[in-house]
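Here are the chains, one letter per residue:
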Amino acid sequence: MKGARFLLMAAVALGVPALAAVKRFELVAQSSVFPVDEGVYVKGFSFNGMSPGPMLVVEEGDTVEIVLKNVDTVAHGLSIHAANTQTSKFLGNVQPGEERVFRFTADFPGVFMYHCAPGGHGIMAHTMGGQHGMIVVEPKKKYRLEAELKRPPDLRLYIVQSEWYASGRDFFDGKATYVVFNGYNFRYVNEPIPVRPGDYVRIYFLNAGPSLTSTFHVVGGVWEYIYYQGNPDNVMKGSQTVLAGPSDSWVIEWRVPPVEGDYTLVTHVFNTAIKGAVGILRAKKDAPRIGEVRAEGPKALAAIPADAKRVLDPYGLGTPDHEHTVRVPLDPALAQPVAVGSKALEPLPVRVQMVGNSFYPKILEVPVGTTVEFVNEDVFDLLDGERTGRHDAVVIQVNGPEPFVTSKLGHGERYRITFTQPGEYVYICSIHPYMRGIIRVYEPAPQEAVKHHH
């Protein structure tokens, strides 16, 4: 009944007839494990077990109905950039086990983004974790090259560029580990896209971000027509690249040159292209006709394979060799710990940041006698639950005599704990329980102090 109630409210609010014929889509919010490279996986959030999520294609003027189901253990939500109306009132802060139904009219043609939006700080944190996708509103007016050629494209190529991060600190600083087309490193290098010389190709390009700029380009080609945000009225001619900040989009019309060979898809921001955002259009005269390449990411896995060589978890603990681990030595001159990042011989405190819905460093090793200071660097400490950037640290696995529970910290607030005995503590944020870190307290051996002294 709750879903039906929200459907009626949304329909009335938007002036959409409750019994009108509609195009329906179901989006299921959940935690997922994504394959991102051979033997490499990312833990995050998804719609329908994919990142990017399901590609939604409608026509200008359509009534669109979206059913949002939350089957996760934390709150989710939905922001639909194609909907020219208030959405957070109906689709924000959707609790575990809850279902919402929302209708809107696709008034404007183009290529749009949708993403998770529980509200507040959670909007940024969940989008970073892979919860986004593409919605295309096909225009009533034909794109110019289609009108000139009097035929549809030979290939519709839908591409979402997005980023994967190893930690919330990296997200905060814009330091992506991987930058991908349709969810996977070098996806269309491993599986080149077949075309024929002279083919009419229409590319629907969206930079989902969440943080980096793209300059999308095909090596060996000049675009005939490009349309900013995919609207056929926003037309330009003869371009080498399209510039797209996060959530920017384009429709690109291009004819493959009459020469067989590989035409490389790439973002010309090369320090991000080298992280995975490269693909190939392979032109051969007898290439198979495939019609379209969709923008969904690979299907998520039920569990991480035992032979995984790397696991990224932007919020919690991935593979040990990839996590940010800090071991604080004992300084023999002071006979006490040296502060992390301090050039002066100030022994205290050693800091753990709460930032981007993760702890940083995620794994901290300190000698007995160390005071650890938790400090919240997340700025949006308003609202509550999944929507807030407030955090605490609560031990959930204890191997030692000094477990701890901090207070709930707002932005810039701090909490100190002094460890007097060896132990190991795995802890989470009770507000965002997927956040996870480890503190190991060790008793330094005499030879360790001597080694650091020299």
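Residues numbered from 1 in each chain as written. Predicted model: local features only at pLDDT ≥ 70, side-chain atom pairs only at ≥ 80, totals over all residues. Heavy atoms only, no water.

Q: Can you help me understand the sheet that holds strand β28 (residues 371–376) in this one?
A: Each strand in a sheet pairs with its neighbour through backbone hydrogen bonds, running either in the same direction (parallel) or in the opposite one (antiparallel). Here we have four strands laid out as an open sheet, ordered β26-β25-β28-β30, and mixed in their pairing. Of all strands in the sheet, those bounded by a partner on one side alone are β26 (358–360) and β30 (414–418). On average, each strand axis in the sheet is inclined to that of its neighbour by 20°, with strand direction left out of account. When strand β25 (residues 350–355) meets β28, the two strands line up parallel, connected through five bridges. Following the sheet pairing, Arg-351 is matched in β28 by Glu-373. (Pairing = 2+ DSSP bridges. Helix = DSSP H or I, 4+ residues; strand = E, 2+ residues; numbered from the N terminus. Axes fitted to C-alpha atoms, helices over the stretch in contact; angles between N-to-C directions.)

Q: Could you clarify how one ought to interpret the packing of aromatic side chains in this entry?
A: To describe a pair of aromatic rings, one takes the distance between the centres and the angle between the planes. Following the criterion strictly, the structure yields 24 aromatic pairs and no others. Measuring from ring centre to ring centre gives 6.1 Å for Phe-404 and Tyr-425, while their planes differ by 65°; the resulting arrangement is edge-to-face. A residue pair is termed long-range when its members are at least 10 positions apart, and Phe-404 in the loop between β29 (394–399) and β30 and Tyr-425 in strand β31 (residues 423–428) qualify at 21 residues. There is no split in this pair, since Phe-404 and Tyr-425 are both buried. Site record: aromatic cluster; members linked through ring pairs are Phe-181, Phe-205, Phe-216, Trp-223, Trp-254 and Tyr-263. In this arrangement the basic side chain of Arg-327 is found over the ring face of Tyr-442, its NZ or CZ atom lying 3.8 Å from the centre. (Phe/Tyr/Trp six-rings, centres within 6.5 Å; stacked < 30°, edge-to-face > 60°. Buried < 20%, exposed > 50% of the residue type's maximum accessible area, 1.4 Å probe, protein only. Lys NZ or Arg CZ within 6 Å of the ring centre and 35° of its normal.)

Q: Hey, could you run me through unusual backbone geometry in this one?
A: With the exception of glycine, the majority of residues adopt a negative phi angle, and the majority of peptide bonds are in the trans configuration. Residues Gly-209 and Pro-210 are joined by a peptide bond in cis, for which omega reads 25°. Within the secondary structure, Pro-210 is located in the loop between β12 (200–209) and β13 (214–219). With an omega of 0°, the peptide bond between Tyr-360 and Pro-361 qualifies as cis. For Pro-361, the location among the structural elements is in the loop between β26 and β27 (363–367). Positive phi is not limited to glycine here, since Asn-93 has a value of about 55°. Relative to the helices and strands, Asn-93 resides in the loop between α2 (88–91) and β6 (99–105). Taking the relative accessible area as the measure of exposure, Asn-93 reaches 24% and is therefore partly exposed. You will see that Leu-383, though not glycine, has its phi angle at about 60°, which is positive. As for its placement among the helices and strands, Leu-383 is situated in the loop between β28 and β29.

Q: Explain the side chain of His-115 to me, please; I cannot follow it from the model alone.
A: Here His-115 lies in strand β7 (residues 110–115). At 3.4 Å, the side chain of His-115 forms a polar contact with the side chain of Thr-127. Ignoring sequence-local partners within four residues, the contact set of His-115 consists of Phe-47, Gly-77, Leu-78, Ser-79, His-81, Ile-123, Thr-127, Gln-131 and His-132. (Polar contact = N/O pair within 3.5 Å; in protein donor to acceptor, adjacent residues only side chain to side chain. Contact = heavy atoms within 4.5 Å.)

Q: Before we go on, may I ask you to explain the sheet that holds strand β19 (residues 278–283) in this structure?
A: Within the open sheet, the five strands sit side by side as β11-β19-β18-β13-β16. Their pairing is mixed. For this open sheet the edge positions go to β11 (193–195) and β16 (241–244), each flanked by a neighbour on one side alone. Adjacent strand axes in the sheet meet at a mean angle of 20°, parallel and antiparallel pairs treated alike. Where β11 lies against β19, three bridges are found, and the strand directions are parallel. Note on β19: the bridge partner recorded for Ile-193 is Leu-281.

Q: Got a minute to help me understand the pairing of strand β4 (residues 63–70) in this structure?
A: For a regular strand, side chains alternate in direction, first toward one face of the sheet and then toward the other. Most of β4 sits out of view: seven of its eight residues are buried. Alignment of strand β1 (residues 23–37) against β4, held across seven bridges, turns out to be parallel. Following the sheet pairing, Val-28 is matched in β4 by Lys-69.

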